[in-house]
Amino acid sequence: MRRRTALKVFGIGIGGAFVLGGGGLGAYYFAAKEDTAGEIAFDTALFIPSLAESESGASGARVFTLGIQPGETRFKDGQATRTWGVNGTYLGPTIRARRGERVEFAVHNGLDQATSLHWHGMHLPAAMDGGPHQTVPNGGTWKPRWTIDQPAATLWYHPHVHGSTADHMYRGLTGLFIVDDEDAEALKLPSEYGVDDVPMIVQDRAFDGDNQFEERVPLAGSLGVIGDEILVNGTIGPYFDVTTRLVRLRLLNGSNARLYNFGFSDDRSFSLVATDGGLLAKPWETDRLYLSPGERAEIVVAFKPGERVELRSYPSEYGGASGRLEGFDDRLDICQFRAAGTLSGDAKLPAALGAAPDLAGGAVAAERSFVLASDQINGRSMAMDRIDFGVREGTVEVWEVTNDNGYLHNFHVHDVRFQVLTVDGKPPEPPLRGWKDTVLLAQGKRYRLAMRFSDHTDPNMPYMYHCHLLQHEDDGMMGQFVVLGEGEQVGVVPRTHDHS
Ligand code: C2O
Ligand code: CU
Ligand code: CU
């Protein structure tokens, strides 16, 4: 719950002058800069998504059953909000599986329209990816299966229906997918789920007068929906009871368009230990961390007995011309941490974590360049039946990606983890030195990304690459590639997507 209605109205007034003559009330409203620092009541315990249950299947695989369903969720006083969820009414359970395990899913679509579930960050066959070519019709069940074959990391799942991804995600279809392995477990990082290893799906939402989600887009807006209320795991104004000296937070920017610049209310430093694709080589200490939509970070925070501190998003430097309208100047309180009088556990982090990316300096089979501008990549809009190119299995490629207009974009590649080799010719900052699958593209800078394509050849079924600001993706800022085996040529996308 929010305590400061009066101030907010004042904010609307200021912003309004800026956009007068423009569109509806929604635009008017969002012109205001939001500042909720010190203004959130933090009166609800942080909801922790349950761990998905599984059964063992005939072949020894772990079988998960996921039901996508409409429902109603009570986020605040008054009316419930119409939402979508997985095995519940909003968001979905956290899936957890180990490297080497075979997993199978029964994804049942109980909505009144087709949707899909994509496993973001997962290395798997294109036909199992849950992208735009694996939509599940309403009433249908989709049964992907694969063997988990990548290091421990915080991945996630969400719909990926071309043209409707933003809408389906905004309604609530999102969950975490944690991959475990022995190397990560041997490190003794905080790892008790929901106790000192805490999932945090951070999302912004706008509510209308009847407590329903509004997909309001700022006037002159270019990013898509920007909400003024922050939810973590579906909880508005959450607090978390800290019982250990160190707490690992698995942060996911699960918003459609909002950029977060995470920090704490007392500017304390914290340690980044993992990025999208897994552990860093060593912890990186910082007091701020950007996450654009789709990116994840695992951070470890140290607490003192009895203290209280808030996780917050600070104003950002990436705003550009329309920045104020699109939340870049906002300062938003996100979650309060309340430390108990005595805290247990270690206070020290391991000095060495995972294996650093190792793709610099090796053989490069191909270089490609990607320019993102005007809802297109290299001047082309996504077409479901066009495969943009094929890559060779077993090779490393370097992709140079540039954001060539005044708006925020990022870049996500399916199936692989990539290494950021350089940003404008210089070695990347520490948070970009680990494995990534999604990277924020600062205006005008050249990002050189190295990635190795291994396994899972299929000349006909493409993987996606795209901007993860969902409105841009839906509007066509996306392309498709296939992974080719020896002697194979780029094929033709199968026409039917019926998996019922
Ligand atoms: Cu998070 Cu193409 O997806
Ligand atoms: Cu993805
Ligand atoms: Cu974009």
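Small disclaimer: the values here were computed from a predicted structure and weren't measured. (Residues numbered from 1 in each chain as written. Chains lettered and ligands numbered in written order. Predicted model: local features only at pLDDT ≥ 70, side-chain atom pairs only at ≥ 80, totals over all residues. Heavy atoms only, no water.)

J.: Describe the coordination of the copper ion (ligand 2), listing the residues and the values that go with them.
T.: Here the copper ion (ligand 2) is held by the protein donor atoms His118 (NE2) and His412 (NE2), which lie 1.9 to 2.0 Å from it. Of this pair, His118 sits in strand S7 (residues 118–120) while His412 sits in strand S29 (residues 409–413), placing them 294 residues apart in sequence. Residue His118 is classed as buried on the basis of its relative accessible area of 1%. Accessibility expressed as a relative area gives 0% for His412, which makes it buried. (Donors = N, O, S within 2.8 Å, 3.2 Å for Na, K, Ca; no water. Helix = DSSP H or I, 4+ residues; strand = E, 2+ residues; numbered from the N terminus. Buried < 20%, exposed > 50% of the residue type's maximum accessible area, 1.4 Å probe, protein only.)

J.: Pulling in residues and values, what's your account of the domain arrangement of the chain?
T.: For the chain, the assigned domains read domain 1 (49–185), domain 2 (194–344) and domain 3 (366–484). If you look at the interface, domain 1 gives 31 residues, while domain 2 gives 32 residues. Between domain 1 and domain 2 the total buried area reaches about 2,600 Å² when both faces are included, carbon and sulfur atoms providing 57% of it. If you sort the residues of domain 1 by the area they bury against domain 2, Lys76, Thr154 and Tyr170 come out on top, with a joint share of 29%. The interface formed by domain 1 and domain 2 contains 1 salt bridge. (Domains from an automatic or database assignment. Contact = heavy atoms within 4.5 Å. Buried area = accessible area lost by both parts, 1.4 Å probe. Salt bridge = Lys/Arg side-chain N within 4 Å of Asp/Glu carboxyl O.)

J.: Please give an account of the coordination of the copper ion (ligand 3) that cites residues and values.
T.: Note on the copper ion (ligand 3): its protein donors are His409 (ND1), Cys467 (SG) and His472 (ND1). The metal-donor distances range over 1.9 to 2.2 Å. One chain supplies every donor for the copper ion (ligand 3), spaced along it as H-x57-C-x4-H. A residue pair is termed long-range when its members are at least 10 positions apart, and His409 in strand S29 and Cys467 in the loop between strand S33 (458–466) and helix H5 (470–475) qualify at 58 residues. Just as His409 is buried, Cys467 falls in that class too.

J.: Go over the sheet that holds strand S25 (residues 366–373) with me, naming the residues and quoting the values.
T.: Sheet architecture is open: 5 strands sit in the order S26-S25-S28-S32-S30, paired in mixed fashion. Either end of the sheet is taken by a strand with one partner, and the two such strands are strand S26 (376–377) and strand S30 (418–423). Pairing of S30 with strand S32 (residues 446–453), which is carried by 5 bridges, proceeds in the antiparallel orientation. Paired with Phe418 across the bridge in S32 is Met451. (Pairing = 2+ DSSP bridges.)

J.: Before we move on, could you go through unusual backbone geometry and cite the residues and values that matter?
T.: Trans is the common state for peptide bonds, and a negative phi is the common state for residues other than glycine. The backbone of Asn87 sits at a positive phi, close to 55 degrees, despite the residue not being glycine. Mapping Asn87 onto the fold places it in the loop between strand S4 (81–86) and strand S5 (95–98). Non-glycine residue Asp455 carries a positive phi angle of around 60 degrees. Relative to the assigned elements, Asp455 resides in the loop between S32 and S33. A relative accessible area of 32% places Asp455 in the partly exposed class.

J.: How would you sum up the pairing of S32? Please name residues and give values.
T.: Strand residues, when the strand is regular, have side chains that alternate between the two faces of the sheet. In the sheet, strand S28 (residues 395–403) pairs with S32 via 8 bridges, with the strands oriented antiparallel. Across the sheet, residue Trp399 finds its bridge partner in S32, namely Leu449.

J.: Give a description of the sheet that holds strand S23 (residues 308–313) that names residues and reports values.
T.: Spatial strand order, S1-S16-S24-S23-S18-S21: 6 strands in an open sheet with mixed pairing. Among the strands making up the open sheet, the edge pair consists of strand S1 (44–45) and strand S21 (289–291). Pairing between strand S18 (residues 260–264) and S23: 3 bridges, direction antiparallel. By the bridge assignment for S23, Gly263 is matched with Arg312.

J.: Tell me about the layout of surface pockets, residues and numbers included.
T.: Put simply, the largest pocket is a space of about 580 Å³. Lining the largest pocket are 25 residues, and of these Tyr290, Tyr318, Glu429, Pro431 and Leu432 sit closest to its centre. Elements supplying a minimum of two residues to the lining of the largest pocket: strand S19 (270–275), S21 and strand S31 (438–441). The leading source of residues in the lining of the largest pocket is S21, at 3 residues. Taken together, the residues that form the lining of the largest pocket break down as 16 nonpolar, 1 polar and 8 charged. Both of domain 2 (194–344) and domain 3 (366–484) provide at least three residues apiece to the lining of the largest pocket. Elements supplying a minimum of two residues to the lining of the second largest pocket: S1, strand S3 (62–73) and strand S15 (235–236). In terms of residue count, the dominant contributor to the lining of the second largest pocket is S3 (4 residues). (1 Å grid on protein atoms, 1.4 Å probe; cavity = no way out; pocket = protein on both sides within 12 Å on 5 of 7 lines; lining within 4 Å. Points joined across faces, edges and corners; volume = space filled by probe spheres on them. Nonpolar A, V, L, I, M, F, W, Y, C, P; charged D, E, K, R; others polar.)

J.: Requested: an account of the pattern of salt bridges, with residues and values cited.
T.: Applying the stated criterion across every chain yields a total of 29 salt bridges. Between Asp333 and Arg312 there is a salt bridge, with its nearest N and O atoms 2.6 Å apart. Separated by 21 residues along the polypeptide, Asp333 in strand S24 (residues 332–344) and Arg312 in strand S23 bring together distant segments of the chain.

J.: Got a sec to walk through the packing of aromatic side chains? Specific residues and values, please.
T.: Summed over the entire model, instances satisfying the criterion amount to 36 aromatic pairs. Here Phe453 and Phe481 contribute two aromatic rings whose centre-to-centre distance is 5.6 Å and whose plane-to-plane angle is 70 degrees, an arrangement assigned as edge-to-face. Here Phe453 is found in strand S32, whereas its partner Phe481 is found in strand S34 (residues 478–484), with 28 residues between them in sequence. When sorted by exposure, Phe453 lands in the same class as Phe481, which is buried. (Phe/Tyr/Trp six-rings, centres within 6.5 Å; stacked < 30°, edge-to-face > 60°.)

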